[in-house]
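Notes for the structure review
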Amino acid sequence: MILKITSAIVVVLLVYLLCTIARFLYKKEHLATLPNIQHVEQLVGAGSSLRYIAAGDSTGVGQGASSVEKTYPMQVLRELSRSHTVTYKNVAVSGAQTKDLIQTQLPQILAYRPDVVTISIGANDATHLVSPDKTIRNIQAIVEKILAETTATVYLANVPNFQDGTLLPWYYISLLE
């Protein structure tokens, strides 16, 4: 019996080791080719002028996209530039939480005086066990501030659904915050 349990443990550890090695090799080969988002202003298209800024977390940066052109902010830019001359800037930062967006990206958004804003934020709040209520309040504050101080249309993308469950029971989350 002990031999079977020991064998099962060894098999599990070997599978875990193989998965870890495979993940390392994948990252080594593919992470170097991830999109390199330029945080500089770009001018694209022809037509009436429009100012577009993308903000948020790794989704806004393009994590997971095979090229800069395939990131969602660049796809939005491409569509907007069909009928407008778009002045574009991306201020998204991988790993950003809603509090980070408020502290560092929101002032940049407001100073940019955009017509269109896309924001992808919230996933890192969830993975860092920020309560859904706090995350939702932060997102509301971000949108309200942009709407109050600019004439921009704001689009939220990739915001996690905070209504259908949590990673931990509420009492654990409250202890960790």
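Definitions and limits used
- Residues numbered from 1 in each chain as written.
- Predicted model: local features only at pLDDT ≥ 70, side-chain atom pairs only at ≥ 80, totals over all residues.
- Heavy atoms only, no water.
- Helix = DSSP H or I, 4+ residues; strand = E, 2+ residues; numbered from the N terminus.
- Contact = heavy atoms within 4.5 Å.
- Areas by Shrake-Rupley, 256 points an atom, 1.4 Å probe, with all protein chains shown as cover.
- Patch = residues over 30% accessible without salt bridge, like charges linked within 9 Å, V, L, I, M, F, W, Y side chains within 5 Å.
- Salt bridge = Lys/Arg side-chain N within 4 Å of Asp/Glu carboxyl O.
- Pairing = 2+ DSSP bridges.
- Axes fitted to C-alpha atoms, helices over the stretch in contact; angles between N-to-C directions.
- Buried < 20%, exposed > 50% of the residue type's maximum accessible area, 1.4 Å probe, protein only.
- Core = buried A, V, L, I, M, F, W, Y, C linked by side-chain atoms within 4.5 Å.

Notes on the overall build of the protein chain
- The number of helices and strands found in the protein chain is seven helices and five strands.
- Its helices and strands in sequence order give the protein chain the pattern α-β-β-α-α-β-α-β-α-α-β-α, from N to C terminus.
- Within the protein chain, residue pairs in contact and separated by at least 24 positions form 82% of the contacts whose partners lie at least 6 positions apart.
- About 10,900 Å² of surface is accessible on the protein chain, with carbon and sulfur atoms providing 61% of the total.

Topic: a nonpolar patch on the surface
- Taken together, the side chains of Val 10, Leu 14, Leu 17, Ile 21, Phe 24 and Leu 25 make up a nonpolar region of the molecular surface, amounting to roughly 570 Å² of accessible area.
- Positionally, Val 10 belongs in helix α1 (residues 2-30).

Here we look at the side chain of Thr 118
- The topology assignment puts Thr 118 in strand β4 (residues 116-120).
- In contact with Thr 118, other than residues within four places in its own chain, are Tyr 52, Ile 53, Ala 54, Ala 55, Tyr 72 and Tyr 155.

Some points on the sheet that holds strand β3 (residues 84-90)
- A sheet is described by the order of its strands in space; here five strands give the open sequence β1-β3-β2-β4-β5, paired in mixed fashion. The sheet is open, and its two edges are formed by β1 (42-45) and β5 (153-157), each paired on a single side. On average, each strand axis in the sheet is inclined to that of its neighbour by 25 degrees, with strand direction left out of account.
- Direction of pairing for strand β2 (residues 48-56) relative to β3: parallel, over a ladder of seven bridges. Opposite Leu 50, over in β3, you have Val 86 as the bridge partner.
- Along the sheet, helix α4 (residues 98-112) contacts β2, β3 and β4; its crossing angle with β2, the most-contacted strand, is approximately 175 degrees.
- Against the sheet, helix α6 (residues 132-149) touches β4 and β5, its axis set at about 160 degrees to β5.

Thoughts on the environment of Val 130
- Topologically, Val 130 is positioned in the loop between α5 (123-127) and α6.
- The exposure class of Val 130 is buried, given its relative accessible area of 18%.
- Sequence separation of Val 130 and Thr 98 is 32 residues, and the distance between their C-alpha atoms is 9.6 Å.

Observations concerning helix α3 (residues 72-80)
- All of the buried residues along α3 are Tyr 72, Pro 73, Met 74, Leu 77 and Leu 80.
- In this fold, the buried residues of α3 make contact with β1, β2, α2 (58-61), β3, β4 and β5.

Examining unusual backbone geometry
- Even without a glycine there, the phi angle at Arg 113 is positive, about 55 degrees.
- Mapped onto the fold, Arg 113 is located in the loop between α4 and β4.
- On the basis of relative accessibility, which here comes to 48%, the residue Arg 113 falls in the partly exposed class.

Section: the nonpolar core
- In terms of nonpolar packing, the biggest core is built from 18 residues, with Leu 101, Ile 109, Val 117, Ile 119 and Ile 146 touching the most fellow members.
- Every element with two or more residues in this core is listed here: β2, α4, β4 and α6.
- A total of five residues in this core trace back to one element, the largest contributor, which is α4.
- Contacts of Leu 101, omitting those with residues within four sequence positions, involve Ala 55, Gly 56, Leu 106, Pro 107, Ile 109, Ile 119, Ile 121 and Ile 142.
- Judged by nonpolar contacts, the second largest core, of ten residues, contains Leu 77, Leu 80, Val 86 and Tyr 88.

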